[in-house]
Amino acid sequence: MIRKIFHGARLSSNHFRDGTVIALILCCGLACAADAVNAVRHRIDQPSQPLAESLRAIARQTGISVIFDPDKVNGRSARAVSGQLTAEEAVARALEGSDLVLTVMPDGPIVIRAARTSPASAPRPSTPAGKPGRAGESGTAPVAVLAQASPATLTDAARGRAADTAAAPTSLTRVEVTGSRLKRIDAEGPTPVNVYTRADIERSGQPTLDRFLSGLNEVSMNPGEGGSSQTNGQGSVQLRGLPLGSTLVLVNGRRLQAAGSSPGNFFNLSVIPMAAVERVEIVPVGSSAVYGGDALAGVVNIILKKQIDGIVLDARAGSARGVGDGSVSLGTGGTDETGSFLVLGSYRKASPLTMSERGYFSDGDYRRFGGVDGRTRFCTPGTVSSSTAANLPGLNSTFAGIPSVVAGQPLTVASFAATSGQANLCNSMANGHGSALVHGFETFGLHAGGERHLSEAWTAFGEVTLARERLHAEQAGLLLNNVLVPATNPYNPFGVAVRVNGRLGLENGAETLHRETDFKRILLGVRGDLGPGWELEATASTTRDDGLNTLSNTTANVAARTAALASSTPATALNPFTAGRAASDEVLQAIWQDSNRDGRGRKDQASVFVRGSALTLPTGSVDVIVGAETAHDRYLSAIRGGNSVGGSRSNSAVYGEARIPLWRADAAAGPARDLAALTVAARRDVYSDFGGANTYQAGIEVRPTRGSLLRASTATSFKPPTLLQTNVNDVSLTTDAYALRDPRRGNALITGGEVLRTTNRNLNPEMGRAMSLGAVWEPESAAGTRLGLSAWQVRINGLISLLWPQTAVDNEALFPGFVTRAPTVGGVPGAITRVLYAEVNFGKVDTAGVDMEIAHAWKTAGAKWTASASATRTSKYDVALAPGAAVTQRLSLRAVDYWAPKWKGRIQAGVEQGAWGLGLTSRYLGAYRDMAPDGRALGNYWVHDLSASLDLKRFGLGVSNLREARLSLAIANVADRQPEYVGTSPYYDVTQADWRGRYTTLRVSLSW
């Protein structure tokens, strides 16, 4: 079985469980887990007490050494510390309100020192406590006298390293909390939130953010990459495998525009500079009451870097067979008593990967997989056929493959004798360079941020993110689809008109996609204290993208092509019988011209909220937030010299959220702590173009013991119609073009009527409902252990889709106003005179499942070890899309747009000792079946990723002048598993495929 797992072989139905157990046993020492033990959360409940006692108690509970100077600590009191916290968070909470700050040393100990700034001017952490600075990342600290509270001892080397860090100041940065706008003491709340750090992203070895997200359990499928994807090379994410655009993407907790180069229903993740990403937080259930529209499936919140101390340099190179990419970033920043700043620039370039570089697509004959013969006649050279039913002159067949001859050698009828009756067959999508499996791109990025303390109570802050992305893909040769070649063509050897199917050689040009996108995001804000326990924050921001999408050589000017094929002059004629040069540049450019489409998306928004403690009950403080938002969206897609579509809308919202403690443990039985709390939220959104929506959210958390949490939540959500759906240009066509039939008139053919493509002014938002029920247990008797279980359900009603005219006619009563008839005569319904072709709200998706996790971290023999396993078991995925049609089950049944496998899982393990670390991640995709009619078994395999890191300073390589020097290696898909065959074009599962195969990444990170 072990051999089968590591070679990616298919597993039996019980082998997911077996593989999980075996991999945990085998691999618990093989995952890079920097700060793994420090990252473990512990149930901590400490009352307000002398600071020294609090620090010692935290160290005892977490097993992390805490170093401080007794002279600096004596006489000080610690804040109460309560919650599911890491050692860093707990210490930061205890220090709140003091002039002491902390630094985490590279080997784990926490050092406490006096800040260089006064408490009045220093940045104030949010609750939960701001993320502490880390040595080598965001600050340094002087060593203090050891007053250690854990059983471990601090080595002399560790003391020395701490002493070396005496110069730079440290500040605490705010930690964004996704899933709620309230500040929380406890890290776990009523709604599950999954957090993935920058280290997680780097260890995955994935080249892009969307590829990293696609490997997570909560992302059942993805829109794919390359020319066959739903997004045509733009990064996106589909939580729970729900429809594209139903996952809300935020940056630092704030909404973004629909990308102008998209269909207007999702944001392009590719324009976010990867170097600026600090972490990603995911709410895998609907959450519109907190964040507004588009959060039907959940929320992906991308948190950008907010602090750099000194200079950081990161260089990365990645490579696989036929494809590679590299990136470099340089940043600087600092902090003093007046505020902080950072500036980070990045550059990245990746080469394309096309079908011609994978043998799988070599000829298009997939019968070797038990599939279809997908070959066509669109080859280089192509196939000639008779324009009549007669044989080709001089041959005994109506068709013949065009032979390849030496350049300049003329063809005669005799040249076709050997290929008479034999067509040239090939994979047209792999012709030339081939269709893009992964687009090549080049990205320039700049991220800057800072804050300025205006007074003791008020701080101004700002963020700027700029990016320019260039995407390029040269694909197949120029297409000749059954073109008529008259006898006058000087290259036609038959003396009569014939037809040709084929593609021209690449020296004539290739079908090409080129897209340039400029992205800008600017935010300004102010926050401060309104009084004891209350704060205000107000922001204004604008995000926009401007893009140019150029398609070259994909559409032919029919008149110019006809003239070139009929020309009797070689200088102006097109030669469709050659694999070489077919015509002059002037002729080719007259036939195949560029199509340019401009796309623009923009969102201007402003928001304000106040947050604080509304009242104090016997059970504790009631925390509330009340806020308002307003925004204006614009979208435009315009073909140069052609049609344009787009529009704008304004919307505003008011919202509120409260956390009410219901039950609190008596302090007489130990430190006081919350045993139960209720969180409620409500929101009203109003849009200028379709109306509004009311949403709510409620959750309860119960903590029977210090290390356990029971939680449940329910929420409603909505997705507004896109600006493309509410701003359709009217186009009038005839019913004859659609061959419509009228079931109320004996299925008579409808002639002379109008089909009007138009906007449905009664379009409503898609509405969703989500529920979750779960438990988390971190047993006090097994420190570092965590078990979690969360059952969830997401329902979406009123899906927006384009109603086919015949469907409108067949279901006339369901869609009032879509069918217009002449007056009834003699009891016979009148003839149809008009059918509307527009979007409607019809259809639903209902999916449910369970998320499971188990993790353990421990120290032994001087090493830090981690092991974890997690899985998502989807139990239901029902879809209803067509009126009158039965509900379709898409659970473990492949679809091109949205579906989910029953199982998706991950096993991770790691060890870190001294200067080095190793890691293994194994990703499991459960069994599923191809869509009809093929129905073949797919999935049920593992993909394995390896990672390793080396701290060059600690390894003693003479880089003492650097604060940090780290070398890391990641190998994604070690076994080089390739995508599987499916029965429909492009003959692989776009929603699960990664054609890079084994992908190796080497990274060097330096700071000083």
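Residues numbered from 1 in each chain as written. Predicted model: local features only at pLDDT ≥ 70, side-chain atom pairs only at ≥ 80, totals over all residues. Heavy atoms only, no water.

With that out of the way, let us pick up the overall build of the chain. A tally of helices and strands in the chain yields 12 helices and 50 strands. Burial statistics for the chain: of 1008 residues in total, 55% are counted as buried. Long-range pairs, those at least 24 residues apart, make up 70% of the contacts in the chain between residues at least 6 apart in sequence. With the model as given, the accessible surface of the chain reaches about 39100 Å², and the carbon-plus-sulfur share is 56%. (Helix = DSSP H or I, 4+ residues; strand = E, 2+ residues; numbered from the N terminus. Buried < 20%, exposed > 50% of the residue type's maximum accessible area, 1.4 Å probe, protein only. Contact = heavy atoms within 4.5 Å. Areas by Shrake-Rupley, 256 points an atom, 1.4 Å probe, with all protein chains shown as cover.)

Looking now at the pairing of strand E11 (residues 298-304). It is a general feature of regular strands that their side chains alternate between the two faces of the sheet. Extensive coverage of E11 is indicated by the burial of seven of its seven residues. Of the two faces of E11, both are covered, the one formed by Gly298, Val300, Ile302 and Leu304 as well as the one formed by Val299, Asn301 and Ile303. Relative to E11, strand E8 (residues 247-251) is paired through five bridges, and the arrangement is parallel. In the strand pairing of E11, Val251 is matched with Ile302. Here strand E10 (residues 277-283) pairs with E11 via six bridges, running antiparallel. Counterpart to Glu281 in the pairing with E11 is Asn301. (Pairing = 2+ DSSP bridges.)

This paragraph deals with the nonpolar core. Counting 51 residues, the largest nonpolar core has Leu213 and Ile302 as its most contacted members. Residues within four places of Ile302 in sequence aside, it is in contact with Leu209, Val249, Leu250, Val251, Asn252, Leu269, Ile272, Val277 and Arg279. (Core = buried A, V, L, I, M, F, W, Y, C linked by side-chain atoms within 4.5 Å.)

Quick look at helix H5 (residues 87-95) now. Here H5 lies mainly inside the structure; eight of its nine residues are buried. For H5, the full list of buried residues reads Ala87, Glu88, Ala90, Val91, Ala92, Arg93, Ala94 and Leu95. Following H5 by one or two positions, Gly97 adopts a phi angle in the positive range, close to 85°.

Further remarks concern the confidence of the model for the chain. Looking at the chain, pLDDT values average 86 and 86% of them are 70 or higher. Averaged pLDDT values over the elements of the chain bottom out at 32 in helix H6 (residues 156-163) and peak at 98 in strand E46 (residues 928-929). Note that residues 1-37 has pLDDT below 50 and, in this model, 95 contacts with residues that lie over four places away or in other chains. Scored below 50 in pLDDT, residues 116-176 makes 171 contacts in the model with residues more than four places away or belonging to other chains. (pLDDT = per-residue confidence, 0-100.)

Tallied over the entire structure, the rule returns 26 aromatic pairs. Here the aromatic rings of Tyr360 and Phe361 are separated by 4.8 Å at their centres, their planes lie at 80°, and the arrangement is edge-to-face. According to the relative accessible area criterion, Tyr360 is buried, its value standing at 12%. Looking at Phe361, the relative accessible area reads 0%, which means it is buried. An aromatic cluster of three or more residues is present, and its members are Tyr360, Phe361, Tyr366, Phe369, Tyr981, Tyr987, Tyr988 and Trp995. Of note, Arg977 hangs over the ring of Tyr941, and the distance from its end group to the ring centre comes to 3.8 Å. Directly above the ring of Tyr999 sits Arg996, whose terminal nitrogen or CZ lies 6.0 Å from the centroid. (Phe/Tyr/Trp six-rings, centres within 6.5 Å; stacked < 30°, edge-to-face > 60°. Lys NZ or Arg CZ within 6 Å of the ring centre and 35° of its normal.)

This paragraph deals with the sheet that holds strand E22 (residues 498-503). Taking strand neighbours across the sheet as the criterion, the four strands line up as E17-E16-E22-E21 in an open arrangement whose pairing is antiparallel. Taken across any chain shown, the strands that pair with only one partner, and hence form the sheet edges, are strand E17 (399-401) and strand E21 (479-485). Strand-to-strand twist across the sheet, computed as the mean angle between neighbouring axes with direction ignored, equals 15°. In this sheet, E22 lies alongside E21 in antiparallel orientation, the contact comprising five bridges. When the bridges of E22 are listed, Val485 appears paired with Val498. (Axes fitted to C-alpha atoms, helices over the stretch in contact; angles between N-to-C directions.)

Moving on, we get to the sheet that holds strand E9 (residues 254-255). The strands making up a sheet associate through backbone hydrogen bonding, with each pair oriented either parallel or antiparallel. Spatially, the five strands line up as an open sheet ordered E7-E10-E11-E8-E9, and their pairing is mixed. Since the sheet does not close on itself, it has two edges, and those belong to strand E7 (194-197) and E9, each with one partner. For E8 and E9, the ladder comprises two bridges, and the chain directions are antiparallel. When the bridges of E9 are listed, Leu250 appears paired with Arg255.

To continue, consider a nonpolar patch on the surface. Taken together, the side chains of Phe341, Val343, Leu446, Val464, Leu466, Ile522 and Leu524 present a nonpolar region at the surface, about 540 Å² in accessible area. Contributions of two or more residues to the nonpolar patch are made by strand E14 (339-350), strand E20 (458-477) and strand E23 (510-531). Structurally, Val343 is set in strand E14. (Patch = residues over 30% accessible without salt bridge, like charges linked within 9 Å, V, L, I, M, F, W, Y side chains within 5 Å. Salt bridge = Lys/Arg side-chain N within 4 Å of Asp/Glu carboxyl O.)

Attention shifts here to the side chain of Arg198. Its location among the elements puts Arg198 in helix H7 (residues 198-204). Taking relative accessible area as the criterion, Arg198 reaches 18% and is therefore assigned buried. Once you skip the residues sitting within four places of it in the chain, Arg198 turns out to touch Met274, Ala275, Val277, Glu278, Arg279, Lys305 and Arg1003.

Once that is clear, we can look at the state of the cysteines. For the structure shown, the criterion picks out one disulfide. Disulfide pairing places Cys379 opposite Cys426 at an S-S distance of 2.2 Å. On the sign convention where negative means left-handed, the S-S torsion of about -115° between Cys379 and Cys426 marks this disulfide as left-handed. Here Cys379, found in the loop between strand E15 (353-354) and strand E16 (383-386), pairs with Cys426, found in the loop between E17 and strand E18 (436-438); they are 47 residues apart in sequence, far enough to count as distant. The burial state of Cys379 is the same as that of Cys426; both residues are buried. (Disulfide = S-S within 2.5 Å.)

A few words on unusual backbone geometry. In this structure, Pro381 follows Thr380 across a cis peptide bond, with omega equal to -5°. Tracing the backbone shows Pro381 in the loop between E15 and E16. Cis geometry marks the peptide bond from Ser985 to Pro986; its omega dihedral reads 10°. The phi torsion at Asn940 lies on the positive side, around 60°, for a residue other than glycine. Position of Asn940 relative to the elements: it lies in the loop between strand E47 (937-938) and strand E48 (941-951). Note on Asn940: relative accessible area 9%, which makes it buried.

What follows is about the pattern of salt bridges. Under the criterion given, the structure shown has 60 salt bridges. In this structure, Asp365 engages Arg367 in a salt bridge whose closest nitrogen and oxygen atoms are separated by 2.7 Å. In this structure Asp365 comes out as buried when scored by relative accessible area, which is 14%. Arg367 gets classed as partly exposed once you look at its relative accessible area, which sits at 49%. Glu964 is the salt-bridge partner of Arg966, the closest N and O atoms lying 3.9 Å from each other. Overall, the relative accessible area of 22% leaves Glu964 in the partly exposed class. A cluster of three or more residues bridged by salt bridges with shared partners is formed by Arg659, Arg664, Asp674, Glu701 and Arg703.

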